[in-house]
Amino acid sequence: MKIGVTCYPTFGGSGVVATELGHELAARGHDIHFITYALPARLNVFLDRVSYHEVTVPAYPLFQYAPYDLALATRMRDVALHEDLDLIHVHYALPHAISAHLAREMLAGEKKKLGVVTTLHGTDITIVGQDRSYLPVTRFGIERSDAVTAVSRYLAQVTVDVFTPDKEIDIIPNFVDGETWKPGPRCPLVSRLATSDARKILVHVSNFRPVKRVLDVVEVFARVARELDVCLLMIGDGPDRPAAEELIRDKGLEDRAFFLGNTPAVQAVMPSTDLYLLPSNAESFGLSALEAHACGVPVLGYAVGGLPEVVVDGETGFLREVGDVDGLAEAAIALLGDEPRHREMSRAARERAVAHFGVETMVRRYLAVYDRVLAAL
Ligand code: GMT
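Here is what the cut-offs are and how they apply
- Residues numbered from 1 in each chain as written.
- Predicted model: local features only at pLDDT ≥ 70, side-chain atom pairs only at ≥ 80, totals over all residues.
- Heavy atoms only, no water.
- Helix = DSSP H or I, 4+ residues; strand = E, 2+ residues; numbered from the N terminus.
- Rg over C-alpha atoms; globule rule 2.2 N^0.38 Å.
- Contact = heavy atoms within 4.5 Å.
- Areas by Shrake-Rupley, 256 points an atom, 1.4 Å probe, with all protein chains shown as cover.
- Lys, Arg positive; Asp, Glu negative; His and termini not counted.
- Charge placed at Lys NZ, Arg CZ, Asp CG, Glu CD.
- Near = heavy atom within 4 Å.
- Polar contact = N/O pair within 3.5 Å; in protein donor to acceptor, adjacent residues only side chain to side chain.
- 1 Å grid on protein atoms, 1.4 Å probe; cavity = no way out; pocket = protein on both sides within 12 Å on 5 of 7 lines; lining within 4 Å.
- Sits in = over half its atoms within 2 Å of the grid points.
- Domains from an automatic or database assignment.
- Axes fitted to C-alpha atoms, helices over the stretch in contact; angles between N-to-C directions.
- Parallel < 35°, antiparallel > 145°, perpendicular 65-115°, else oblique.
- Left-handed = near helix turned anticlockwise from the far one by under 90°.
- Nonpolar A, V, L, I, M, F, W, Y, C, P; charged D, E, K, R; others polar.
- Buried < 20%, exposed > 50% of the residue type's maximum accessible area, 1.4 Å probe, protein only.
- Expected span 1.5 Å × (residues − 1).
- Pairing = 2+ DSSP bridges.
- Disulfide = S-S within 2.5 Å.
- Core = buried A, V, L, I, M, F, W, Y, C linked by side-chain atoms within 4.5 Å.

Novice: Where do I start with the overall build of the chain in this structure?
Specialist: Looking only at helices and strands, the chain has 15 helices and 13 strands in total. Taking 21 Å as the expected radius of gyration for a compact globule of 377 residues, we find that the chain reaches 21 Å, a close match to that expectation. Principal-axis analysis of the C-alpha atoms places the extent of the chain at approximately 70 × 45 × 40 Å. Long-range contacts, defined here as pairs at least 24 residues apart, represent 69% of the contacts in the chain between residues at least 6 apart. When the accessible area of the chain is evaluated, it comes to approximately 15,900 Å², of which 51% is carbon and sulfur surface. Distance from the positive charge centre (38 side chains) to the negative charge centre (50 side chains) of the chain: 2 Å.

Novice: Explanation requested: the site of the ligand in the structure shown.
Specialist: Around the ligand, 16 residues are found, and the nearest of them are Gly 13, Ser 14, His 121, Thr 123 and Glu 283. With respect to the ligand, the backbone of Gly 13 contributes an N or O atom lying 2.5 Å from an oxygen atom. Within the side chain of Thr 123, an N or O atom sits 2.2 Å from an oxygen atom of the ligand. The site holding the ligand turns out to be the largest pocket. Taken domain by domain, the makeup of the shell around the ligand includes at least three residues from each of domain 1 (2–175 + 358–376) and domain 2 (188–356).

Novice: Please explain the packing of helix α5 (residues 135–144) against helix α6 (residues 153–163) as it appears in this structure.
Specialist: When two helices pack together, their arrangement is given by the angle between their axes and by how far apart the axes lie. Contact geometry of α5 with α6 gives a least axis separation of 11 Å together with a crossing angle of 120°. By the angle between their directions, the pair α5 and α6 is classed as oblique. Remark: the crossing between α5 and α6 carries left-handed chirality. Residue-level inspection shows Leu 135, Thr 138, Arg 139 and Ile 142 of α5 in contact with α6, the latter providing Thr 159, Val 162 and Phe 163. The residue inventory of the contact of α5 with α6, partitioned by class, reads 4 nonpolar, 2 polar and 1 charged.

Novice: What is the right way to look at unusual backbone geometry in this model?
Specialist: The residue after Leu 94, namely Pro 95, is reached through a cis peptide bond having omega -10°. Relative to the elements of secondary structure, Pro 95 occurs in the loop between β4 (87–91) and α3 (96–108). One non-glycine residue, Phe 208, adopts positive backbone phi at about 55°. Residue position: Phe 208 is located in the loop between β8 (200–206) and α8 (214–227). With a relative accessible area of 0%, Phe 208 lands in the buried category. Of note in this structure, Arg 213 is not a glycine but carries a positive phi near 50°.

Novice: Hey, could you run me through helix α13 (residues 325–336) in this one?
Specialist: The periodicity of an α-helix, 3.6 residues per turn, causes residues three or four positions apart to be oriented the same way. Spanning 12 residues, α13 covers 16 Å between terminal C-alpha atoms, matching the ideal 16 Å at 1.5 Å per step. Burial in α13 covers these residues: Val 325, Gly 327, Leu 328, Ala 329, Ala 331, Ala 332, Leu 335 and Leu 336.

Novice: I keep staring at the sheet that holds strand β11 (residues 275–278) and nothing clicks. Help me out?
Specialist: The strands making up a sheet associate through backbone hydrogen bonding, with each pair oriented either parallel or antiparallel. Taking strand neighbours across the sheet as the criterion, the 6 strands line up as β10-β9-β8-β11-β12-β13 in an open arrangement whose pairing is parallel. Because the sheet does not close on itself, it has two edges, and the strands there are β10 (257–261) and β13 (317–320). Across the sheet, the axes of successive neighbouring strands diverge by a mean angle of 20°, strand direction being ignored. Packing of α13 onto the sheet brings it into contact with β8, β9 (230–236), β11, β12 (299–302) and β13, and relative to β13 it is tilted by some 165°.

Novice: Please clarify how the environment of Gly 141 should be interpreted in this entry.
Specialist: Mapped onto the elements of the fold, Gly 141 is located in helix α5. For Gly 141, a relative accessible area of 2% translates into the label buried. Taking the C-alpha atoms as reference points, Gly 141 and Ala 93, separated by 48 residues in sequence, lie 6.7 Å from one another. Excluding its chain neighbours within four sequence positions, the residues that come into contact with Gly 141 are Ala 97 and Ile 98.

Novice: Is there a simple way to think about the state of the cysteines in this case?
Specialist: Among covalent bonds in proteins, the disulfide is the one between the sulfur atoms of two cysteines. By the definition in use, this model includes 0 disulfides. Here Cys 231 is not cross-linked by a disulfide; its sulfur's nearest cysteine counterpart is in Cys 187, at 11 Å. Given the relative accessible area of 0%, Cys 231 is considered buried. Distance from the sulfur of Cys 295, which forms no disulfide, to the nearest cysteine sulfur (Cys 187) is 11 Å.

Novice: Please explain the nonpolar core as it appears in this structure.
Specialist: Counting residues in hydrophobic clusters, the biggest one holds 72 residues, and the most contacted among them are Leu 25, Leu 233, Met 270, Tyr 276, Ala 289, Leu 290 and Tyr 370. Of the residues forming this core, the biggest block, 8 residues, is contributed by helix α15 (residues 359–376). Of the residues that make up this core, three or more belong to each of domain 1 (2–175 + 358–376) and domain 2 (188–356). Once residues within four sequence positions are removed from consideration, Tyr 276 is found in contact with Val 203, His 204, Val 205, Met 270, Ser 288, Ala 289, Ala 292, Val 297, Pro 298, Val 299 and Leu 300. Counting 32 residues, the second-largest nonpolar core is a separate cluster that includes Leu 275, Leu 277, Phe 318 and Ala 329.

This is the structure in C-alpha cells:
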C-alpha cells in the first residue's frame, strides 16, 4: 500500500505512535509518506520506503492566523496525486481529519480515490474537540473519515458519549517494541546524576502541560525523599516546568531533582529507573507508561482515563484517586523499600507490556482497518 501519514511532529505520544507505525509498515513493504510541518521527532528518514514531505504555510499580510489546515490539505492532495497514495492516516483529529477530507474532495475532480483513516489520541477528544468552537468540526472530521480508531476503550467511549458520531470506532491500543524498550543496566548519565548505586530513581516524562499535574510529581517525590534515598528525573518541557522547578527549590530538593528537557535519551534513561510517575488528570492511554513497563519499570498514577487499561493496580504499578499524592507516596515508599516485591512488579510490568501491547498485533490490526477501507472505496 501507499500510505500518507499526518501527525504532530513533536515528542508527544500521538507523533510517536504515528512514526513508529510508519516505520513498522515500511519494514513490511508499504510506502510511507509523512506529510507534516516539521520532521517528526523520532522519524528515521534513512529507512527504505519512508519519505518526508514538509508542509509550509506561506505568510500574507492579511492573515493574522496563517491557515495551516489549508496548506496541509493542499500538500496532502499533491502528495496523494503524485505518489499515488491509497489512503491517508491522520493522527489527532484536529485539524488533520478535516484537511484529509478536503484533500479527498479536491482529488475527486482528478478521478483519484483516497481513503481517510483517523486515529483519535486524547485531548483532540477529551479537551480541545469539546470546546464549542471546535466540537461540530471535530464531529464532522470523525464522520467523514472512512475509519476511525481510538487508542483505548476509554477514549472510544468518550468519543461516542460526547460526539455521538454516526460511525463505528475501532479500538487499537498503542504498542511498544519490546526489543527497543527493555530492561537494562544503569546508563552513564543516570549513574552520574544519581551519584550512588544505592540511590533509587523516580522519573517523569511529559510535555509539562496542566493535564500532566507535574506539581503532583514533585509532591510525591518530596514525600518519598523524606523516607528514602531517591532522586527525580524530569524529562520533557512545557508550560508547567518553571512551576515544578520552583516547587523543587521551595522544598530544598534541587540537588536531587534533575530537569533534562526534551531529550531523545528517554530510551537509555528509562531502564535505569525504579519508578515512573504519571499522575495525569486524564490520560487517554499513557504511552510513556507502557514504555516504562516494557523496561520493567512499575508505574504510579491516578485511576482515571485509559491508564487503568495499561497499568494494573497492585500488579504492575499503583493507581490512586486523582490528587491523592499521599497515597502515591505511601505506595512508592512501600515498593521501593521491598526489593523482592519491586522485582516481581517489574517482571509483571515487562510481561504485560510485551504480551498485551506488542507491535505485531497492533500493526496487523491497523492493516486490517486499511484493507477494509480500501475494499469499500
Ligand atoms: O492528546 C494529546 O494531548 C497529545 C497526545 C500526544 O500527542 O502526545 O497524547 C495523547 O496520545 C498519546 C498517544 O496515543 C496517549 O498515550 C496519551 O495518553 C494522550 N494524552 C492524553 O490523553 C493527555
